[in-house]
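# Overview (structure and organization)
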Amino acid sequence: MDKPSNLLVKLSRRLFTNLDEQEKFIGALTHPQRFNPCILWCKEKPEVSPFYIEIATPWQPQFIDRLSLGEKPGQHPLHEQGSFYCLDFSSVFAASILLTIPQPINQIFDMCAAPGGKSVFAWKSLQPDLLISNEVIGKRLGMLISNLKRCQVEPSLVASKDSSFFADTIPLSSRLVIVDAPCTGQSLLAKGEKAPGCFHPTAINKSANRQKRIIANSARLVAPQGYLAYMTCTYSPEENEEVCEWFLQRFPQFKAVEVRHLEGYQSHLTSLPCYRMFPQYGLGAGAFTVLFQNTEEGEGKVLDVEVLPVIWRN
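The residue numbering used here restarts from 1 in each chain and proceeds along that chain's sequence as written. Selection of residues for local features in this predicted model requires a pLDDT of at least 70, selection of side-chain atom pairs for listing and counting requires 80 or more, and totals for whole chains, interfaces and linings are taken over all residues. Where side-chain values are given, they derive from all heavy atoms of the structure, hydrogens and water being excluded.

### Considerations on the UniProt feature "binding site: S-adenosyl-L-methionine" (unreviewed entry) in the protein chain
Basically, it comes down to this: UniProt positions are given in the numbering used here, feature names are shortened, and annotations may be inferred rather than shown by experiment. Of the two site types, the cavity is a set of points on a 1 Å grid over the protein atoms alone where a 1.4 Å probe fits but cannot get out, and the pocket is an open set with protein on both sides within 12 Å along at least five of seven lines, each lined by residues with an atom within 4 Å of a point. For the purposes of this entry, the term helix denotes a DSSP run of H or I that reaches at least four residues, the term strand denotes a run of E that reaches at least two, and both are numbered from the N terminus. Whether two residues are in contact is decided by their heavy atoms: any pair within 4.5 Å suffices. Buried residues are those whose accessible area, probed at 1.4 Å on protein chains only, stays under 20% of the maximum for their type, while exposed residues exceed 50% and partly exposed ones sit between those limits.
Mapped onto this structure's residue numbering, the UniProt feature "binding site: S-adenosyl-L-methionine" (unreviewed entry) falls at C112, A113, A114, P115, G116, G117, K118, E135, D162 and D180. Considering only the residues just annotated, the largest pocket is lined by C112, A113, A114, P115, G116, G117, K118, E135, D162 and D180. Within the secondary structure layout, C112 lies in the loop between β4 (107-110) and α5 (117-126). Those residues in contact with C112 that lie beyond four places of it in its chain are N134, E135, I178, D180, P182 and I214. The residue G117 is located in helix α5 in this model. For G117, a relative accessible area of 13% puts it in the buried group.

Structure follows, in structure tokens:
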């Protein structure tokens, strides 16, 4: 991708008032650069790393290493052994909001879990009594199960149902629900990959409507005083800040929680505590993330695992 499309230029103007920032954003998508590989240590981190490691960001968890360019962790024997999980640093940024949640956590529900990075991050950082990873798209299930099995994420189980099924079946049952929402995937361009039609208004509106339906169903799973984490890997405000504003109007019992370690990434497109990483920062391809809390009082409902359509368990 060389010459920026008119739709990309329009998006850059909506995201940034500064002309220099607009140009840097467009450049990051039209002339993508390599980002440092990143790993999440599932097992105890070795005292001497087998990789060259970059200096950690101030908010980077201890179990995350950002590696030097040229490192290929996926080819290392420790990867096959399940010692670590490879992920984009933007995913670390988005998932780091989970570090704000106080422990203990009885149950985590990951609504759109494949390929498993957010599930593994949540399990490693919060050590829940049970992790439920759901993926409605059948062809993505194999990758999810393989990653959870390889990394020995337990106790965990995998299901494959629409979000509405769980909203009706196990309401108010989870201390944390993660919605890594399906989106137009505009950040794929910053990684040199293709995302046809990702800037077209029709695709964006279709995606935003799907996200609203998923987050509305997911909210019904959140126990009183529990948390809902919403994140995407796209840039359009319609799929990010506008979904959050719609959600809080529809579910006023929720509030957006400030995440202090990400305050330098506060979105300037809303007054809500939402956080963005852009590709021109050089850390990752881009992400949007926000943490909501259910402010209602009361007890959550005990989960009856038998009602879940479990297709894999660890």
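Structure's up, so let's keep going.
### A few points about helix α8 (residues 201-219)
The following threshold applies: To estimate how far a helix should extend, the number of its residues minus one is multiplied by 1.5 Å.
Between its first and last C-alpha atoms α8 spans 26 Å; for 19 residues at 1.5 Å apiece the expected length is 27 Å, and the two agree. Regarding α8, the residues found buried are I204, S207, A208, Q211, I214, I215, A216, N217, S218 and A219. Among the structural elements, α7 (163-169), β7 (174-180), β8 (222-232), α9 (241-250), β9 (254-256) and β11 (287-294) are those in contact with the buried residues of α8.

### Focus on the pairing of strand β5 (residues 130-134)
Stated formally: Any two strands with at least two DSSP-identified bridges between them are counted as paired. A crossover counts as right-handed when, viewed with the strands pointing away from the observer, the path leading from the first strand over the helix to the second turns clockwise.
Counting buried positions along β5 yields 5 of 5 residues, so the element is predominantly enclosed. Of the two faces of β5, the one holding L130, I132 and N134 and the one holding L131 and S133 are both buried throughout. In this structure, β4 lies alongside β5, joined through 4 bridges in parallel fashion. Pairing of F109 across the sheet is with I132, part of β5. Of the crossover connections in this fold, the one passing from β4 over α5 to the parallel β5 is right-handed. Both β5 and strand β6 (residues 156-159) contribute to a ladder of 4 bridges, which runs parallel. Paired with I132 across the two strands is L157, which belongs to β6.

### As for α9
Going by this rule: This arc corresponds to the set of directions leading from the helix axis out to the C-beta atoms.
If you check which residues of α9 are buried, you get E241, V243, C244, F247 and L248. Down the axis of α9, the buried set is contained in an arc of 160°. They therefore lie on one face. What points out from α9, more than 90 degrees from its buried face, is the exposed set Q249 and R250. Considering only its buried residues, α9 is in contact with α8, β8, β9, β10 (275-277) and β11.

### A short note on the nonpolar core
Worth spelling out the cut-off: Here, nonpolar core means buried Ala, Val, Leu, Ile, Met, Phe, Trp, Tyr and Cys residues that are tied together by side-chain atoms lying within 4.5 Å of each other.
L40, L98 and L176 are the most contacted members of the largest nonpolar core, which has 48 residues in total. When residues of this core are traced back to their parent elements, those giving at least two are β1 (38-41), α4 (89-95), α5, α6 (141-150), β7, β8, β10 and β11. With near-sequence residues (within four places) excluded, L98 lies in contact with F121, A122, L126, L176, I178 and A229. Formed by 35 residues, the second largest nonpolar core is a distinct cluster that contains I132, L157, V177 and F254.

### So, the pattern of salt bridges
Spelled out, the test is: Salt bridges are defined as contacts in which a side-chain nitrogen from Lys or Arg sits within 4 Å of a carboxyl oxygen from Asp or Glu.
Counting across every chain of the model gives 9 salt bridges. Note that E242 and R14 form a salt bridge whose closest N and O atoms lie 3.8 Å from each other. With E242 in helix α9 and R14 in helix α1 (residues 6-15), this pair connects stretches of sequence that are 228 residues apart. Classification of E242 as partly exposed rests on a relative accessible area of 35%. Across the pair D180 and K118 runs a salt bridge whose closest N-O atoms are separated by 3.0 Å.

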